Amino acid sequence: MAEKTQKPVNPALISAVKAVAVLVCICFVCVALLAVCNELMYIDDEERLSRSLGKLFPDGSFSVDNSFNKTPVSKYSANAAYGGKINNVYKGTNGDYVLDSTGGGGYPQGGGKINLYVAISADAKIVSWTIKDKMDQSYADRVPASAGTSWYVGKDISNDLTLEMTGATVQGTATAINNAVNMAGYYARNALGLGENPEAEAQKAVGELLGDEYASYDYTKVNLSDATVDGTKHVADALSSQTDVLSYLFLLTGSDNVFAYVYGVKETLKIVVVKEGEVIAKSDNVQDGDEIITNILANTIYTFTYGSYRAYAVVTNSEDNVYTVAGLKVGSINPTTYVLKVTIEPDTAPDADGKGKVSAIEITVDGWADGDPTAPKSNANKLATGLVGATLENIDTFYNDKVTGKATGATQSANLIRAAVEAALTAFDANTASAN
Amino acid sequence: MKLQRFKEIALDGTVRQNPTFRLVLGTCPTLALTTAALDCLGMGAAVIFVLVFSNLIISLLRNVIPDKVRIPCFIVIIATFVTIVSMFIEAFAYSLYESLGMYLALIVVNCIILGRAESFASHNPVLDSVCDGLFMGIGFTLSLTLMGIVREVLGKGMLFGVTLWNFKIEFFAKPAGAFLTYALFIAIFNVCYNAVERKLKHKAAHKAAEAERSAESAVAATGEEA
Amino acid sequence: MDVFAIIISALFADNFVLSQFLGICPFLGVSKKISSAAGMGLAVTAVMVITCAVCYPIYTFLLAPLGLQYLNILVFILVIASLVQILEMVLRRFSPGLYSAMGIYLPLVTTNCAILGIAKIVTATVTSAEEAGYTLDVIFGKLVNIHMAMGYGEAVLSGLFYGLGFTLAIVLLAAIRIKTDKLRVAKALRGFPVTMLAACFMAMAFYVFTLI
């Protein structure tokens, strides 16, 4: 025992222990020093805000009006269309506003966000913007440094602004920035009353026309502009007449569903409200035989309910049994409008009564929204082949047999495609019935 | 410290071992930040701070730090001062902080600093090491700013952020321009340096010969006297 | 689409060497032969991927939740230095083939330029950069940006492609230098200046990709 304890310790071990001890000591002292420095020079949120304000208003003209409540109005503080939300709103003593706005649609896969400060002047123009937090936009550096004082600057926020830059490495971030700016614009229009808000005015006009009976209904805008039905014509063009251009289509949901068509702009709005294929109200400047009424009645908007989802489709053209159908984006669902060319032939089965049967489906405008749903795009597009052979009678079984499971995670896209196909079938059957 | 030694260190840092043009060290900030002369000065100041303090501490601890772990120890000390300087700049000079960006944190891997720690501060007395850090830093700052002025004037038509004229050759503000400017600067510096060196050597040789001659004559004189 | 963006950005548009000026020392120093350039590039790529994989969780799950972001410089640099040592030991012990292909360049990843600097003073030339490099800055530069990346996968993937971007640049330069080193140029331009001129032309070519 005694011999063992007295055995000399390996000198290499001593020097190794000493080396480690010195290194650890140095690390310890350095970390302590840094902690002290961090305490001394910590930059708090208020300081960060004032720095950002300095960037937004280099002339220092903006100082925060503390009497203004910076918490946003909850009704408008989030909007799925921009994947965004408003975190804070600051009003300046000069009347301008700075909105702390988050926008979505960026990297990765359209799900990433970015956080901006957006300055909007009292006369509804974008003054400047700056990035508050890159969040998950790891390529935010690809956006030019001068973008904050050049993109969007001076533009009116009355309408949504369009993307300022495209390109493989920058588009995701640019989209997120675009959404954040539009989110700020949306809030400024609706909650701060800045700029012109034709959409809100159109809603108000519809509400006045319909009166108390529909006062409790929710308005949802039907997305008309982002899909073309035959290369050049938009869905809106198909529903417009020569003289009157459809500017808004609202879906009013309450105890039942009605569609409100709004034509024209500002003072000269023409409004037609349709419920289940019948006009239930129209503004005074619309007469019964007008082209727009025949147009509306010819292009019925079909409503389908699949479980908790409701899908809408409109047939915009039919030639030689080829129906061009748009599955409409309504409100904030993620896929945008799908346009399909559906070929329908009479069912040759003995008891089919000449009803329609799908013989081919071609997706001409793909409303797929990347990233959300998370399923691969091919899942939804399998529907295009999966529904061939379906009739109105058996489309349910078709959908369940051939599609459910395959379209996992893409239900909303699947529903739009299915609604479009069903609308085509319904239109075909109605045509054959009237021909007979 | 003797005046002669101080002169040596000062001359080494700024000219003879000029980190940018002679040693070609710390190339990353040299190429990246020389689009604006003001950023160069800011970067230079940060590097001087880190160099002086890391040299100071490393020189103080030179007998304590075991040889085996010297590099990790140096790295920790340098990283600490880089963090402090970047905290300081973020707190008090935010616009500089933004324009230096990631290159501020990259001072930690700047070859000049670890190079001086390893080759000078770890076996020289404290005062010498601080002076070395100071003059190496000044040499770095001067070269950086010189390149910055050239690139800013040519590439942006500006000097220290003030617009001089509308004429600009954007090439010089781009990465390719950085390489070209740096290459030309090294070449020019080398030509001048070698010319001066040759002259000095010539002079020294002349002086030595003269001294020899006078010594000889002195010897001769003493010989005569004797 | 996103992977495409990462690849384009890492290989060309944001190329570490030619647009962010990271890793210039080995870029100029270890590019005399294509084989050594490729070995260096692969060593850097390997270290970059591994350090991304290790430092990302350290930052996201340790430093950020504890509010210790200000320690990132210190922690990253220590992690890189130790990982390179470990990687070298592991390669030498278990994979002699890989070790001789790229492992011998691993010490160069952390070898400091001090040695380079002293060597140059002693020989009084500015062309003796053959034996040393200092690439910590490439890897460190990647890590400073890493916490902004969203997911672990993206972080590691971008590490891989930034490493490959470095490899691409250094191998290309080595190929060019086979020609330029034989050229008769003015004495003042020999060595670094002429190599940098070659890099200048490469940077011009790569600049095109930033317009994508």
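Within every chain, residues take consecutive numbers counted from 1 along the sequence as written. Numbering of ligands from 1 and lettering of chains from A proceed in the order in which they are written. Residue-level local features of this predicted model are given only where pLDDT is at least 70; pairs of side-chain atoms are given and counted only at 80 or more, and the full residue set underlies all totals for whole chains, interfaces and linings.

A. A look at the overall build of chain C. When its secondary structure is counted, chain C shows 10 helices and 0 strands. Within the span of chain C, comprising 212 residues, buried residues form 54% of the whole. Considering only residue pairs separated by 6 or more positions, chain C has 76% of its internal contacts joining residues 24 or more positions apart. The secondary structure listing takes helices from DSSP runs of H or I that are at least 4 residues long and strands from runs of E that are at least 2 residues long, numbered from the N terminus. Remark: C-beta atoms are placed from the backbone, and a residue is labelled buried if 20 or more other C-beta atoms sit within 10 Å of its own, exposed if 12 or fewer do, or partly exposed between those counts. Note that contacts rest on C-beta atoms placed from the backbone: two residues are in contact if these are within 7 Å.

B. Quick look at the environment of Thr 14 of chain B. Residues and elements named next belong to chain B. Mapped onto the secondary structure, Thr 14 falls in helix α1 (residues 3–16). Of the residues examined, Thr 14 has 19 C-beta atoms within 10 Å and is grouped as partly exposed. On a C-alpha basis, the gap between Thr 14 and Gly 139 in space is 4.0 Å, while along the polypeptide they are 125 residues apart. Each residue touching Thr 14, except ones within four places of it in the same chain, is listed here: Phe 135, Ile 138, Gly 139 and Leu 142.

C. Spatial organisation of unusual backbone geometry. Residue and element names in this part refer to chain A. Its identity as a non-glycine residue notwithstanding, Ala 124 has a phi of 65°, on the positive side. Within the element layout of this structure, Ala 124 appears in the loop between β4 (112–120) and β5 (126–133). Residue Ala 124 is classed as buried on the basis of its C-beta count, with 20 C-beta atoms lying within 10 Å. Its identity as a non-glycine residue notwithstanding, Tyr 152 has a phi of 65°, on the positive side. Position of Tyr 152 relative to the elements: it lies in the loop between β5 and α4 (171–190). Residue Tyr 152 is classed as buried on the basis of its 24 C-beta neighbours within 10 Å.

D. Representation of the sheet that holds strand β3 (residues 97–106) of chain A. All names here are of chain A. One open sheet accounts for 5 strands, arranged β1-β2-β3-β4-β5; its pairing is antiparallel. Edge positions in the sheet fall to β1 (78–79) and β5, since each has one partner strand and no second. Between N-to-C directions, angles span 0 to 180 degrees; the directions come from axes that are lines fitted to C-alpha atoms, helices contributing only their stretch in contact. Packed on one face of the sheet, helix α3 (residues 45–56) meets β3, β4 and β5 and runs near 145° to β5. Across the face of the sheet, α4 comes into contact with β1, β2 (84–91), β3, β4 and β5 while running at roughly 135° to β3. A pair of strands is considered paired only if DSSP assigns at least 2 bridges between the two.

E. Molecular detail of the interface of chain B and chain C. Listed as interface residues are 38 residues of chain B and, on the opposing side, 39 residues of chain C. The element that contributes the greatest number of residues to the side of chain B that touches chain C is helix α9 (residues 175–225) of chain B, accounting for 10 residues. Tallied by class, residues from the side of chain B that touches chain C come to 28 nonpolar, 7 polar and 3 charged. Residues are grouped as follows: Ala, Val, Leu, Ile, Met, Phe, Trp, Tyr, Cys and Pro are nonpolar; Asp, Glu, Lys and Arg are charged; every other residue, Gly included, is polar.

F. How the structure looks around helix α3 (residues 37–60) of chain B. With 24 residues, α3 of chain B extends 34 Å between its outermost C-alpha atoms, agreeing within 8% with the 34 Å of an ideal straight helix rising 1.5 Å per residue. By the criterion of burial, α3 of chain B is predominantly enclosed, with 17 of the 24 residues buried. One less than the number of residues in a helix, times 1.5 Å, gives the span that helix is expected to have.

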